[in-house]
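Residues per chain, in single letters:
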Amino acid sequence: MEGNLIERLEAAVVRLEALSVDGVSSRGLPDIGAVEVSSDPSIIAFDDLMAQYADSVSAAAEKIGGEVLDVTKIVVEAFSVEKKLLIEIKQTQKPDMAGLAEFLKPLNEVIMKANAMTEGRRSDFINHLKSAGDSLSALAWIAFTGKNCGMSMPIAHVEESWQTAEFYNNKVLVEYKNKDANHVEWAKALKELYLPGLRDYVKSHYPLGPVWSASGKKVSSAPPKTSPPGAPAAPPPPPASVFSSEPSQPSSSSHPKGMAAVFQEISARNVTAGLKKVTADMKTKNRTDRSGIVSAGEKETRSISSSSSKAGPPKLELQMGRKWVVENQVGTKNLVIDDCDAKQSVYVFGCKDSVLQIQGKVNNITIDKCTKMGVLFKDVVAACEVVNCNSVEVQCQGSAPTISVDNTSGCQLYLSKDSLGASITTAKSSEINVLVPAAKSDGDWGEHALPQQYIHVFKDGQFETNPVSHSGG
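Thresholds applied
- Residues numbered from 1 in each chain as written.
- Predicted model: local features only at pLDDT ≥ 70, side-chain atom pairs only at ≥ 80, totals over all residues.
- Heavy atoms only, no water.
- Pairing = 2+ DSSP bridges.
- Helix = DSSP H or I, 4+ residues; strand = E, 2+ residues; numbered from the N terminus.
- Phe/Tyr/Trp six-rings, centres within 6.5 Å; stacked < 30°, edge-to-face > 60°.
- Buried < 20%, exposed > 50% of the residue type's maximum accessible area, 1.4 Å probe, protein only.
- Lys NZ or Arg CZ within 6 Å of the ring centre and 35° of its normal.
- Contact = heavy atoms within 4.5 Å.
- Axes fitted to C-alpha atoms, helices over the stretch in contact; angles between N-to-C directions.
- Parallel < 35°, antiparallel > 145°, perpendicular 65-115°, else oblique.
- Nonpolar A, V, L, I, M, F, W, Y, C, P; charged D, E, K, R; others polar.
- Polar contact = N/O pair within 3.5 Å; in protein donor to acceptor, adjacent residues only side chain to side chain.
- Expected span 1.5 Å × (residues − 1).
- Bend = angle between axes of the 7 residues up to and from the residue.
- Core = buried A, V, L, I, M, F, W, Y, C linked by side-chain atoms within 4.5 Å.
- Salt bridge = Lys/Arg side-chain N within 4 Å of Asp/Glu carboxyl O.
- pLDDT = per-residue confidence, 0-100.
- Disulfide = S-S within 2.5 Å.

This next bit is on the pairing of strand 6 (residues 371-387). With 13 bridges joining them, strand 5 (residues 352-368) and strand 6 adopt parallel strand pairing. By the bridge assignment for strand 6, N364 is matched with A383. Where strand 6 lies against strand 7 (residues 390-396), five bridges are found, and the strand directions are parallel. Looking at strand 7, one finds that T371 is bridged to N390. By the bridge criterion, five bridges tie strand 6 to strand 8 (residues 402-406) in an arrangement that is parallel. From the neighbouring strand, E385 faces strand 8, where its bridge partner is S404.

What follows covers the packing of aromatic side chains. A complete count under the given rule lists 11 aromatic pairs for this structure. Judged by centre distance (5.3 Å) and plane angle (90°), the ring pair of F167 and Y168 falls under edge-to-face. Summarising the burial analysis for this pair, F167 and Y168 share the class buried. With a centroid separation of 5.1 Å and 70° between ring planes, the pair formed by F458 and F463 is classed as edge-to-face. Taken individually, F458 and F463 each receive the classification exposed, so the pair is uniform in this respect. An aromatic cluster is built from F46, F79, W141, W162, Y194, Y201 and Y206, whose rings are joined through pairwise contacts. The ring centre of Y176 lies 5.0 Å from the NZ or CZ of K179, which sits over that ring. In this structure, K323 is placed above the aromatic ring of Y347, and the distance from its NZ or CZ to the ring centre is 4.8 Å.

This brings us to the pairing of strand 7. Across a regular strand the side chains alternate sides, sitting on one face of the sheet and then on the other. With five of seven residues buried, strand 7 lies mostly within the body of the structure. Here strand 7 runs beside strand 9 (residues 409-414); their pairing, made up of five bridges, is parallel. Bridge pairing links E393 to Q412 in strand 9.

Our focus in this paragraph is helix 7 (residues 126-135). Most of helix 7 is tucked away: nine of the 10 residues are buried. Restricting attention to buried positions, one finds in helix 7 the residues I126, N127, H128, L129, K130, S131, A132, G133 and S135. Those residues of helix 7 that are buried are in contact with helix 4 (66-89), helix 6 (105-116), helix 8 (154-175) and helix 9 (181-205).

For the rest of this paragraph, the subject is the packing of helix 4 against helix 9. Where helix 4 meets helix 9, the closest approach of the two axes is 12 Å, and the angle between their N-to-C directions is 10°. Viewed along their axes, helix 4 and helix 9 adopt a mutual orientation that is roughly parallel. Every residue of helix 9 that contacts helix 4 at V68, T72, V75, F79 and L86 is listed here: W186, L193, Y194, L198 and Y201. Taken together, the residues of the contact of helix 4 with helix 9 break down into nine nonpolar, one polar and no charged.

Moving on: the side chain of T332. Relative to the assigned elements, T332 resides in the loop between strand 2 (323-327) and strand 3 (335-337). Of note is the side chain of T332, whose polar atom sits 3.5 Å from the side chain of Q329. Residues in contact with T332, not counting those within four places in the same chain, are D353, S354 and V355.

Our focus in this paragraph is unusual backbone geometry. Omega for the peptide link from L195 to P196 comes to 15°, which places this bond in the cis form. Position of P196 relative to the elements: it lies in helix 9. Of note, K369 is a non-glycine position whose phi angle comes to about 50°, a positive value. Tracing the sequence through the fold places K369 in the loop between strand 5 and strand 6. With a phi close to 50°, K372 is a non-glycine residue in the positive phi region. As for its position among the elements, K372 is in strand 6. Look at K372 and you get exposed, because its relative accessible area is 53%.

Across its 24 residues, helix 3 (residues 41-64) extends 34 Å between first and last C-alpha, which sits within 8% of the 34 Å expected from 1.5 Å per residue. Roughly 30° is the biggest bend found in helix 3, and it falls at A54. Positioned one or two residues after helix 3, G65 has a phi angle of 75°, which is positive.

Our focus in this paragraph is the nonpolar core. For soluble globular proteins, the rule of thumb is that nonpolar side chains tend to be buried together. Membership of the largest hydrophobic core comes to 60 residues, with the highest contact counts inside it found for F79, Y194, L198 and Y201. Of all the elements in the fold, those that place two or more residues in this core are helix 3, helix 4, helix 5 (97-103), helix 6, helix 7, helix 8 and helix 9. Examining the composition of this core, we find that 12 residues originate from one element, helix 4, more than from any other. Not counting residues within four places of it along the chain, the set of residues in contact with Y201 comprises S42, A45, F46, L49, L86, W141 and Y206.

This part is about the pattern of salt bridges. Considering all chains together, one arrives at 10 salt bridges under this definition. K90 serves as the salt-bridge partner of D40, at 3.7 Å between the closest nitrogen and oxygen. Of this pair, D40 sits in the loop between helix 2 (34-38) and helix 3 while K90 sits in the loop between helix 4 and helix 5, and the two are 50 residues apart along the sequence. A residue is classified by how much of its surface remains accessible, and D40, at 24% relative accessible area, is partly exposed. Between D353 and K333 there is a salt bridge, with its nearest N and O atoms 2.7 Å apart.

A word on the confidence of the model for the chain. A low pLDDT means the predicted coordinates there should not be read in detail. Residue-level pLDDT values for the chain average 79, and 71% of them are 70 or greater. Residue range residues 18-32 is modelled with pLDDT below 50. Its contacts to residues more than four positions away, or to other chains, number 25 contacts.

With that out of the way, let us pick up the side chain of E67. The topology assignment puts E67 in helix 4. A polar atom in the side chain of E67 sits 2.4 Å from the side chain of S123.

Moving on, we come to the state of the cysteines. According to the stated counting rule, one finds zero disulfides in the structure shown. Of the cysteine sulfurs around C351, a residue in no disulfide, the closest is that of C370, at 4.7 Å.

If you want it as structure tokens, here you go:
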């Protein structure tokens, strides 16, 4: 019995030494109950989650290196920060919105660090960076405070956040399917980290959100920063936090005052005093270097400038309660329509280099005159139409009875298992590829190119039409 007691004491010492790192909170303050909290089943389960899934992503990233390894390290860092926050939640009283934003600041800083890797320059691994950066929004489930907090339930939030990241993750799978197995392994491991990894963890331990302590320490919001007398003006505020507690306020209210001052200054001066006198030889009718013939280059320049000037302001709005209109969006990757129903339609027009996510069932979707546009939708009652587009990607995550592609050059269609029976119609289009999921959950996507050339043969009083089959096809 004495030997068993010694073995138990030694095991306890090893356990305490392993948990000594968690003895200090992320705020740098000594955490008295950290050892007890760290032995909580939910915290131990989070360690198991990282050991089972995060280590697999890291191992795959080690084989690739470079930016993929860097962004993977940030993902692992974000999960580590979330673990520390979960430990602190068990010792902290539920804060107000301002206090919650301050409490979650360490996690927000890591997420912003990942997003910064996708900005400013074009990377050869942009799909990896986008997938990893967008996936980290799933960790924000920890900010759920109740049904009226403006967030989905924790489990649904994790699933919805991954759906956004999956758009870029699928691009990695397709691009490296037959090129490099390490990239495919990384993309699959990243998905498993969230589905089923994080989703099942939240489902088992926090289906209704984090449980705050009723008698723990209080979280104080960040005090306002004041400048000393005579100090220079503060720089403009940084971009809004992912967990911002207040909406950004428009800054146009200061414009009338400033413009009034400008006009007052102009009216107080003799504005024509510095103008140069125009002589006869400077007038257009007397210049010999100008002719009435307009070159083709000038015509093209004028046509381009006139067409670009006709583009209206960007829109994302519901009109008459029946039609969602998304127009003239350029470079916007986070367009979301979440409050929709089966009686409403969605019309996307004139958008470029943007991504739209439709989170719900709608009646009809039309994508018109868009370039490098990505659209993700769940279910459509009637049809999804792609018209007059270039290089677009459409992903159906639910069901769609009909998909039509007309006068389009370059279209990638991603179908779910529920939409494999969809009727796909093409006309005057080229480079149409359809990607279907594998029979097994861990299999690769199957890519199928739809024919764009046909042979018409007059036979037995009528024409027979068959697609052209190329050698090796």
